[in-house]
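Coordinate inspection notes
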Amino acid sequence: METRILPVSSADLGRFDNTQNLYTWHVNANQDSQSLAHLYEAAEALRLKDSPVGFPTETVYGLGADATRSAAVKGIYAAKGRPSDNPLIIHIADLSMLQSVLSGEHHDSTRIPEHQEVNLLPEIYKPVIERFWPGPLTILLKNPTPSVLAPEVTAGLPTFGVRMPASALARSLIKLAGAPLAAPSANASTKPSPTTAQHVLEDLDGRIELILDGGPCSVGVESTVVDGMSDPPVVLRPGGVSIDELRACPGWENVQKAYKDAAEIGKEAPRAPGMKYKHYSPKAKVVLYEASFTNGRRGVLPEDIANTDLSETVEFEVKEIKATSDTTGNGLDSTLDISIGEDTRSIAKGLFSALRELDRRGVDIIFVEGTLDDEDIGAAVMNRLRKAASQIRR
Ligand code: TXA
Ligand code: MG
C-alpha cells in the first residue's frame, strides 16, 4: 500500500472565529483550496474505508478511524501493532457530537440542534470542559447501553475516554467524517509519539494510506487523562494540562495522581533494561538523570546552551561537541548535544522529536537531564522519559 502525505495549510482553514463555540463546529475553509480538497479526501476515506488516517492534533499526531465502525477501529490496532486490550480515546468536533454519543445515537451533523446543551454530562466535568476544551484533556464517561461506539474502542470497559482537540484541522476533519474518531498516537507501538507528519511516515509507511500534514504539533505530549467520576477525581495519565491547573477548577481541588511511573516503582537505580513500563523508546539506550541527581557529572542537554526558540517550529540545533572521524568516515566517535529548552512547555514540544532525531543520526546512547515533576507540565515530560529510559540515575 502506498502512503500519501496530504498537506493542509492553516492559512486555508481561514480565520476560525468559532473556536470558543464548543457546541457546534463549523468548517470554515477556503473553498477553492487544495487544503479543503485534502480534508474531504481524508474524511471520505474515514467514512468509506477501513484503513486509518494519520492527522495532527495540538498534542501529537493521531491515527484516526470512525469510532462507530468495528472494522475501521480494528484497522488502527493492525497498523500500529497495538495490543487490543488497551482502550482508545475518541475525538469529537463539538459538544453536539458528544451529546449524540451519550444518548446512544448516531450523530447527524447536518441537523440543527434545538438546544445547545449536553444534558447527560456529569456536573464534575463542566468546569474542566469550560476551562480546557478544546484542548489536551481527556475525560472518562460512562458508555451508554446500547452504545454507538464499536466495542474495540473501549476494550470491554464500561467507560470511554473523549476529548475535543484544539486543532482546527482535527475538528474540521472529525466534522466532515461525521462521526467521532478513535485515535491513539500515530506511532508504531513502543516508539516515541509522532509530532510531525514525517514521524508518522517513518513508522507507518506502507501500513496506512493517508497522512494529513498540518505541520508540527504545538504541545508535543499527549493529553492528560482524568476520571472525574471517582471520588476524589484522579489523573490517569499526566499530559498537556497540569495537575495544578486542574486543581484550580471547582470540584477538582483534591485531584489525585493515579498513575505510576518510575518515580514510584522502587527507588533502586539503575533500573534493569526492558522493564514492562518501557514505551516511547528510541532505538538508542536512554539514560535519564532525575532533576534530583547530585552525584557525579550531569548528563548531556545542559540548560546553559538553550538558545533555540521553539515557539514556531520543533526545529532545534544539534551541536557536535566532540568528533574524531577516520578516513573511511566509519567509526565516528562523537557526541551530539541537543537543547530543547528550559521551560517544561518547550521541553514537551521538542521531546519526542529530539529522541527521534538522535535515532535518525544513529546514536547508541542518549543522556537526558530531567526536569521537575511539579513544574507546570513537567510531570508529563518526566512520565514519558521514565518510560523511555532503560537506566535512571537519581
Ligand atoms: O493527546 C492524546 O490523547 C492523543 C491524541 C492523538 O489525541 N491520543 C492518545 O490516545 O494518546 P491513546 O489511545 O494513545 O491514549 C489514550 C490513553 C491510554 O493510556 C488508554 O489506556 C487510556 O487513555 N484510556 C482510554 N480509554 C480509557 C478508559 N475507558 N479507561 C481508562 N483509561 C482509558
Ligand atoms: Mg500512544
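Our subject is the structure that appears above.
Below, the structure is looked at part by part. (Residues numbered from 1 in each chain as written. Chains lettered and ligands numbered in written order. Predicted model: local features only at pLDDT ≥ 70, side-chain atom pairs only at ≥ 80, totals over all residues. Heavy atoms only, no water.)

1. Concerning the site of ligand 1
The condition that has to hold: The rule for a residue being near a molecule or strand is that one of its heavy atoms must lie within 4 Å of it. Contacts described as polar in this section are N or O atom pairs within 3.5 Å, which, within protein, must combine one atom able to donate a hydrogen with one able to accept it, while residues neighboring in sequence count only if both atoms come from side chains. Note on areas: Shrake-Rupley, 1.4 Å probe, and residue coverage restricted to the protein chains presented here. Grid points spaced at 1 Å over the protein atoms alone were grouped into cavities, where a 1.4 Å probe fits but cannot get out, and pockets, open sets with protein on both sides within 12 Å along at least five of seven lines, with lining residues defined by an atom within 4 Å of a point. Those molecules having more than half of their atoms within 2 Å of a cavity or pocket grid point set are described as sitting in that cavity or pocket.
Around ligand 1, a shell composed of 21 residues is seen, among which T59, N86, H91, S223 and R237 lie nearest. Between ligand 1 and the protein, one listed contact pairs a nitrogen atom with a side-chain N or O atom of T159 at 3.0 Å. Contact with the protein chains covers 87% of the free accessible surface of ligand 1, which is 680 Å². Taken atom by atom, the bulk of ligand 1 overlaps the largest pocket.

2. Quick look at the pairing of strand β9 (residues 224–227)
The side chains of a regular strand alternate, residue by residue, between the two faces of the sheet. Note the cut-off: Buried, partly exposed and exposed residues are distinguished by accessible area as a fraction of the type maximum, computed with a 1.4 Å probe on protein chains only: under 20%, between the cut-offs, and over 50%, respectively. A run of H or I in DSSP becomes a helix once it reaches four residues, and a run of E becomes a strand once it reaches two; helices and strands are each numbered from the N terminus. We call two strands paired when DSSP finds no fewer than two bridges between them.
Where burial is concerned, the two faces of β9 agree: the one with T224 and V226 and the one with V225 and D227 are both buried. In terms of strand pairing, strand β5 (residues 137–142) meets β9 through three bridges, oriented parallel. Bridging across to β9, T138 finds its partner in V225. Pairing between β9 and strand β10 (residues 234–237): three bridges, direction antiparallel. If you follow V225 over to β10, its bridge partner there is R237.

3. Regarding the sheet that holds strand β15 (residues 365–369)
For clarity, the cut-off: Note on geometry: axes are lines fitted to C-alpha atoms, helical ones only across the stretch in contact, with angles between N-to-C directions running from 0 to 180 degrees. The contact definition used throughout considers only heavy atoms, calling two residues in contact when any of these lie within 4.5 Å.
Taken together, three strands build an open sheet; the order of strands is β15-β12-β16 and the sheet is parallel. In the strand order of this sheet, the two ends are held by β15 and β16 (391–393), each with one partner. For this sheet the average axis-to-axis angle between neighbouring strands, irrespective of direction, equals 20°. Of the strand pairs in this sheet, strand β12 (residues 285–289) and β15 are connected by five bridges, and their pairing is parallel. Within the sheet, the bridge partner assigned to V286 lies in β15 and is I366. Helix α10 (residues 378–388) contacts β12, β15 and β16 of the sheet and is inclined by roughly 135° relative to β12.

4. A look at the nonpolar core
Heads up, the rule is: Side-chain atoms within 4.5 Å link the members of a nonpolar core, which is a set of buried Ala, Val, Leu, Ile, Met, Phe, Trp, Tyr and Cys residues.
L98, Y125, W133 and L246 are the most contacted members of the largest nonpolar core, which has 80 residues in total. Per-element accounting of this core gives the leading share, seven residues, to helix α6 (residues 168–177). Residue contacts for L98: discarding those within four places in its chain leaves I92, L121, W133, L141, F160 and V162. Counting residues in each nonpolar core, the second largest holds 29 residues, with I340, I366, V368 and V381 among its members.

5. Here we look at the layout of surface pockets
Test applied: Grid points are joined across faces, edges and corners, and a volume is the space filled by probe spheres set on the points.
Approximately 1300 Å³ is the volume found for the largest pocket. Around the largest pocket, the lining is made up of 45 residues, and of these R82, N86, P87, R237 and Y280 lie nearest the centre. Counting residues per element, the ones that place at least two in the lining of the largest pocket are β3 (61–66), β4 (89–91), α5 (151–154), β6 (159–163), β10 and α10. Per element, the largest residue contribution to the lining of the largest pocket is four residues, and it comes from β6.

6. Observations concerning the environment of S242
Examined against the element boundaries, S242 turns out to sit in the loop between β10 and α8 (243–247). Overall, the relative accessible area of 4% leaves S242 in the buried class. Measuring from C-alpha to C-alpha, the distance between S242 and T224 comes to 7.7 Å, with 18 residues separating the pair along the chain. Not counting residues up to four positions away in its chain, the partners in contact with S242 are D376 and I377.

7. Some points on the packing of helix α1 (residues 34–48) against α6
For clarity, the threshold we go by: Should an angle fall under 35 degrees it is called roughly parallel, over 145 degrees roughly antiparallel, and 65 to 115 degrees roughly perpendicular, with every other angle called oblique. Whether a crossing is left-handed or right-handed is set by the direction in which the near helix is turned from the far one by less than a right angle, anticlockwise for left-handed and clockwise for right-handed. Three residue categories are used. Nonpolar comprises Ala, Val, Leu, Ile, Met, Phe, Trp, Tyr, Cys and Pro, charged comprises Asp, Glu, Lys and Arg, and polar comprises the others, including Gly.
With their axes 8 Å apart at the nearest point, α1 and α6 run at an angle of 50° to one another. Of the possible angle classes, the one that applies to α1 and α6 is oblique. Seen from above, α1 lies across α6 with right-handed handedness. Across the interface between the two elements, L39, Y40, A42, A43, L46 and R47 from α1 touch L169, S172, L173, L176 and A177 from α6. Its residues assigned to classes, the contact of α1 with α6 comprises nine nonpolar, one polar and one charged.

8. With respect to the packing of helix α9 (residues 344–360) against α10
Contact pair α9 / α10: the axes reach a minimum separation of 9 Å and the direction vectors enclose 30°. With respect to α10, the element α9 is oriented roughly parallel. Between α9 and α10 the crossing geometry is left-handed. Within the contact between the two elements, α9 uses T344, I347, A348, L351 and F352 and α10 uses G378, V381, R384 and L385. Here the residues of the contact of α9 with α10 are counted per class, giving six nonpolar, two polar and one charged.

9. Examining the packing of aromatic side chains
Stated formally: Ring pairs shown here join Phe, Tyr and Trp side chains whose ring centres sit within 6.5 Å, with only the six-membered ring taken for Trp; geometry is labelled stacked below 30 degrees between planes, edge-to-face above 60, and tilted in between.
The full count for this structure, using the stated rule, is three aromatic pairs. Pairing Y125 with W252 gives two aromatic rings, centres 6.2 Å apart and planes at 40°, and the pair type is tilted. Of the two residues, Y125 sits in the loop between α3 (95–102) and α4 (126–132) while W252 sits in the loop between α8 and β11 (256–257), which places them 127 residues apart along the sequence. By relative accessible area, which is 0% here, W252 ends up buried.

10. A word on the pattern of salt bridges
The condition is simple: Salt bridges are counted wherever a side-chain nitrogen of Lys or Arg sits within 4 Å of a carboxyl oxygen of Asp or Glu.
For the coordinates displayed, the defined rule picks out 21 salt bridges. Notably, a salt bridge pairs R360 with E357, separated by 2.9 Å at the nearest N-O pair. Here the residue R360 and the residue E357 both occupy positions in helix α9, the gap between them amounting to three residues, near one helical turn. Of the residues examined, E357 reaches a relative accessible area of 17% and is grouped as buried. One network of salt bridges, in which partners are shared, links D261, E290, D373, R386 and R394.

Any functional reading would require information that these geometric values do not contain.
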